[in-house]
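Structural overview
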Amino acid sequence: MRLTVNGSEVEVSSEADTPLLWVLRDELKLVGTKYGCGIAQCGACTVHLDGRAIRSCVTPVSAVADKQIQTIEGQATEAGLSPVQLAWLETDVAQCGYCQSGQIMAATALLASNPNPSDAEIDAAMAGNVCRCGTYPRIRKAVHLAASLMSEEHSA
Amino acid sequence: MSEIPTAGSMSRRRFVQSGGALLFAAQCPISLSRKVHAGGNGAMMNSFVRIDPNNVITMLANNSEFGNGAYTVMSMMLAEELDVDYRSIALEAAPTTLEYYSPLFREYLTAGSVTTGSTFIPMRTAGAKARAMLLEAASRDWQLPPDELATENGTVTHAASGRSSTYGELLEVIHRFDIQPPETVALKDPSQFKILGKPARRYEGVGKVDGTAQFGIDIKLPGMLYGAIARPPVYGGSVIDFDATEALAMPGVVKAKAIRAGVVVLADSYWRAQKARAKLKINWDRGVNDGVSSEQFYADYRALADTPGMLAEDIGDALGALDAAEAKDRVVEATYEMPLLAHATLEPMNCIAHVEGDTCTIWSGTQYQSNDQEVISRFLGIPQQNVTIHRPLMGGSFGRRSSKKADYTVEAVEAAMGESVPVQIIWSREEDIRSGHYRPLFVHKLRGSVDEAGMPEAWHQVAVGQSLMQGTKHDPAYMVRGMDIYSLDGCLQEPFGVFPYGTSYQIPNHRVESHNAPKKGIVPQEWRSVAHTHTGIAYECFLDELAEKGGIDPLELRLRLTKDHARMNRVLNVLKEKSDWGKPLAPGRGRGVASRIYNISPVAQVVEVTVAENGDFSVDRVVCVLDCGFAVNPLGVEGQVEGGLAYGLGGVAFGNIDIVNGEVQQSNFHDYPVMRLPQMPKVEVYILPSDEPPTGIGEQATTPIAPAVANALFNATGRRVRRFPLSSQGFNLV
Ligand code: FES
Ligand code: FES
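The rules behind the values
Residues numbered from 1 in each chain as written. Chains lettered and ligands numbered in written order. Predicted model: local features only at pLDDT ≥ 70, side-chain atom pairs only at ≥ 80, totals over all residues. Heavy atoms only, no water. Helix = DSSP H or I, 4+ residues; strand = E, 2+ residues; numbered from the N terminus. Rg over C-alpha atoms; globule rule 2.2 N^0.38 Å. Buried < 20%, exposed > 50% of the residue type's maximum accessible area, 1.4 Å probe, protein only. Contact = heavy atoms within 4.5 Å. Areas by Shrake-Rupley, 256 points an atom, 1.4 Å probe, with all protein chains shown as cover. Pairing = 2+ DSSP bridges. Axes fitted to C-alpha atoms, helices over the stretch in contact; angles between N-to-C directions. Parallel < 35°, antiparallel > 145°, perpendicular 65-115°, else oblique. Buried area = accessible area lost by both parts, 1.4 Å probe. Salt bridge = Lys/Arg side-chain N within 4 Å of Asp/Glu carboxyl O. Polar contact = N/O pair within 3.5 Å; in protein donor to acceptor, adjacent residues only side chain to side chain. Domains from an automatic or database assignment. Nonpolar A, V, L, I, M, F, W, Y, C, P; charged D, E, K, R; others polar.

The next subject is the overall build of chain A. Scanning chain A for helices and strands turns up five helices and five strands. In chain A, the succession of α and β elements from N to C terminus is β-β-α-β-β-β-α-α-α-α. Here chain A has a C-alpha radius of gyration of 15 Å; the compact-globule value for 156 residues is 15 Å, and the two agree. By principal-axis analysis of the C-alpha atoms, chain A measures approximately 40 × 35 × 25 Å. Counting the 156 residues in chain A, one finds 63% classified as buried. Considering only residue pairs separated by 6 or more positions, chain A has 56% of its internal contacts joining residues 24 or more positions apart. Split by element, the accessible area of chain A, about 4,800 Å² in all, is 51% carbon and sulfur.

Residues and elements named next belong to chain B. Strand order across the open sheet formed by three strands is S5-S6-S7, with antiparallel pairing between neighbours. Every other strand in the sheet has two partners, leaving strand S5 (149-152) and strand S7 (163-166) as the edge strands with one partner each. Strand-to-strand, the axes of this sheet are offset by a mean angle of 20 degrees, without reference to chain direction. Summarising the sheet, S5 and strand S6 (residues 155-158) pair through four bridges and their orientation is antiparallel. Within S6, the residue paired with leucine 149 across the bridge is histidine 158.

Turning our attention to the packing of helix H17 (residues 532-550) of chain B against helix H18 (residues 554-561) of chain B. Residues and elements named next belong to chain B. The N-to-C vectors of H17 and H18 enclose an angle of 105 degrees; their axes lie 9 Å apart at closest approach. Taken together, the axes of H17 and H18 lie roughly perpendicular to each other. Packed against H17, whose contacting residues are Glu540, Leu543, Asp544 and Ala547, the element H18 presents Pro554, Leu557, Arg558 and Leu561 at the interface.

Right, let's get into unusual backbone geometry. All names here are of chain B. Between phenylalanine 724 and the following residue, proline 725, the backbone shows a cis peptide bond with an omega angle of 5 degrees. Assignment of secondary structure puts proline 725 in the loop between helix H21 (702-717) and strand S32 (732-733). Within the chain, asparagine 661 stands out as a residue other than glycine whose phi angle is a positive 50 degrees. For asparagine 661, the position within the fold is in the loop between strand S29 (659-660) and strand S30 (663-664). Residue classification places asparagine 661 among the partly exposed residues on the basis of a relative accessible area of 42%.

Turning next to the interface of chain B and chain A. Of the residues lining the interface, 81 residues belong to chain B; the matching set on chain A comes to 74 residues. For the chain B and chain A pair, buried surface summed over both sides reaches about 6,500 Å², with 60% attributable to carbon and sulfur atoms. Where chain B touches chain A, the interface holds nine salt bridges. Taken together, the connections running from chain B to chain A amount to 29 residue pairs in polar contact (both at pLDDT 80 or more). Looking at the side of chain B that touches chain A, the elements with two or more residues in it are helix H1 (12-18), helix H2 (23-26), helix H7 (207-210), helix H9 (270-277), helix H14 (429-433) and helix H20 (634-654) of chain B.

Bringing the domain arrangement of chain B into the picture now. Residues and elements named next belong to chain B. Domain boundaries in chain B define domain 1 (11-190), domain 2 (217-288 + 349-426) and domain 3 (308-341 + 438-733). Relative to domain 3, the C-alpha centre of domain 1 lies at a distance of 40 Å. With 13 residues of domain 1 at the contact, the number on the domain 3 side is 14 residues. It is Glu107, Ser113 and Phe120 in domain 1 that bury the most area against domain 3; as a group they hold 43% of the surface buried on that side. For the pair domain 1 and domain 3, the number of links is one salt bridge. Residue lysine 473 is joined to glutamate 107 by a salt bridge in which the shortest nitrogen-to-oxygen separation is 2.9 Å. At the boundary of domain 1 and domain 3, one finds five residue pairs in polar contact (both at pLDDT 80 or more).

Glancing now at the domain arrangement of chain A. As a measure of interface size, the accessible area lost when the parts come together is often cited. All names here are of chain A. Splitting chain A by domain gives domain 1 (2-74) and domain 2 (83-155). Inter-centroid distance (C-alpha atoms) of domain 1 to domain 2 is 21 Å. Each side of the interface is counted separately: domain 1 has 16 residues, and domain 2 has 12 residues. Broken down residue by residue, the surface that domain 1 buries against domain 2 is led by Lys34, His48 and Ile72, which jointly contribute 41%. In this assembly, domain 1 and domain 2 are joined by zero salt bridges. Our count for the domain 1 to domain 2 interface comes out at seven residue pairs in polar contact (both at pLDDT 80 or more). Going through the elements one at a time, strand S3 (46-49) and strand S4 (52-55) are the ones with two or more residues in the side of domain 1 that touches domain 2. Counting residues per element, the side of domain 1 that touches domain 2 draws most heavily on S3, which supplies three residues. Looking at the side of domain 1 that touches domain 2, its residues break down into six nonpolar, eight polar and two charged.

Below, the discussion takes up the environment of isoleucine 697 of chain B. Residues and elements named next belong to chain B. Mapped onto the elements, isoleucine 697 comes out in the loop between strand S31 (682-687) and H21. Judged by its relative accessible area of 13%, isoleucine 697 is buried. As a C-alpha pair, isoleucine 697 and valine 637 span 60 residues in sequence and 6.4 Å in three-dimensional space. Apart from the residues within four sequence positions on either side, isoleucine 697 is in contact with Ser113, Leu626, Val637, Gln640 and Val641.

If you want it as structure tokens, here you go:
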């Protein structure tokens, strides 16, 4: 099976029913995407499929062939971190950090569809991403900062 | 949905330059994963500092990083005295040898919110001593008096001559003159601090946004096998026999074998191991806990609470005062019941073990290295020094990774025995929720009275629950006359045993009794803020009941009760002002207060709630005031307060493990709900300025939140909750 992950085509041999999460982690060694629950309840495994945020723990790899998969590893480029990552760093969001790949992927997808979300819209869009360390106040702040950085960038 | 901007769609460099606010990000240090492998052949200046010829400075960290900010504060302390940027320091987890044991615990343990306080002098001293050696080296090499030299940014300089050398370059001079560490060294006066006391972003922050931070679950070793364990349906059960025919026929499956924890399937990927595990046919012996139920725990504990317990504290004559008050209708009685709670760290337990001959190496996210080493050495019958522990970052811990049983560690070792390759055991979320290690269920029975002025006059509390320390190696320090004083922390008025603080309140007649409930069904385990998770609710909610009985405002009551405790009194006075206490609220809204001391730091919170007719409620605002002594990293403290109260709020709102017929009923986040973004209140944090030595902050904010919310719900509705979680009583946090 061929997948396109972070812009590169890769061949994988996992069984068709293997969740994308474990293909990424165990076969492709892209371990930035995390396992938290395995049943689409925590968001730690969030990646983008054709730009949409999905839960890779409940997405069989057979369903994603020929689609564009983006993971946390694909967010930064040679030029540096993505605006959402920069906002996260600036706001000092992470504590243990384990949920943050998923949070950043969820926030990135949110901002792509809604460049200037309100608190309520952020809450609604990111309610599926659990943070056991309780970094929620800073997540809200960081999403707003990322939004303003992106609009600054677009108008620059 | 529109396409997300791809990572290359804008120029990050321009972006960074244009955003003046992004100074930190623009200067981001190399990520931790790369730092860990930096250096290696330099000189150990002392136990904590190595300097390499290429001027890489490496800190050996003897406290674990699980979100607590240990690596940040420790690198700040070292950097302050060594005059380097804390973000330029490389870091390695220190090995499990005596020199790295905590001076406080005399173990290699990160717990009890003591990291900042217990490393404040040692890490600064390590930095200052290394600096002294470097200064001496430059002084002798250049034949200049040391007081003409300065250090800055990893360099020794002489202003007048313009000479300068990096620390790395001076290593050769240190060797040449055989310069030894000084016996003593002067530390900077706080007025000279450039780093300490200033807000600092997380040391390992970059790796935590770019996905490179390495947690235990992420480690891949050559040839490593993944293991999934089928565990008994009842904690403590065991395997009678099993049939793995079907499992072994599945792709990638290498082996299935019985270990003490259950049956482990080894495979070449975790998913394959998990999938094959589901095909095992196992005959279980359900063991001694078959039939245990949490409802029975409540019933048994309530019955025990009606009988006299071991006497922990008896100030004045509480029983006499209560009898006298009875006739005057000044007595209140209540029983508070707190359920079992799972920790539910987002990174589930995992451990890699490699057993080779009489040595064992593990890669494990752990709070408790020395214990892991002891347990493994006992289990394998090998010397302790033959057990090597590599400690990666942890995806949360909250006490779970300090297991005295080292359960998830030693089972990995057992699974790896007889294998030629390393074995990684990963727990599923279901195993995590059903693991059997919980904040123990507690029942507190309280009787109290108020005097003529309405102030608390007598207090009688009986605490019943399974002991954390009984029968463990901590028995000698924490079991006093048979009582687990760790489990009583937060309800004793006076300092007791190893706890140098009481409640901060003064009630003239104060009696506390304790029962150790029979040990069964579960493993009692520390849960962020430990005893306060139940003593805090019982104490602060019942105090609210006494305030109501006496007709005194609950915050005013606490101000009066703490008039002899200057630090808590100051916290409460600030809280009163910052929280707009007393300002009228709309119908359906309420305010609650609670104040606690955990590991010396006083902390108090006021919570505002809005409650709907159907019991749905939101926590709109939390104002938290605390005194943690000198705040080494105010930004980190604020984060710990937000996170700590979120953890406690989720626990009190819906945290609940039920055991029926020995089996845990919950299994994952759908039936063991945890805090989510929409439920998170607005939080205001006020850190009181202080020159006192730094004290704890990691668990402090967890202590008042639960009772403060319950008290706010009472204030809004007139309804007291005495059995938790709140969701079991019709109050649903939305
Ligand atoms: S691991 Fe996929 S949502 Fe939790
Ligand atoms: S930062 Fe630890 S789970 Fe979110």
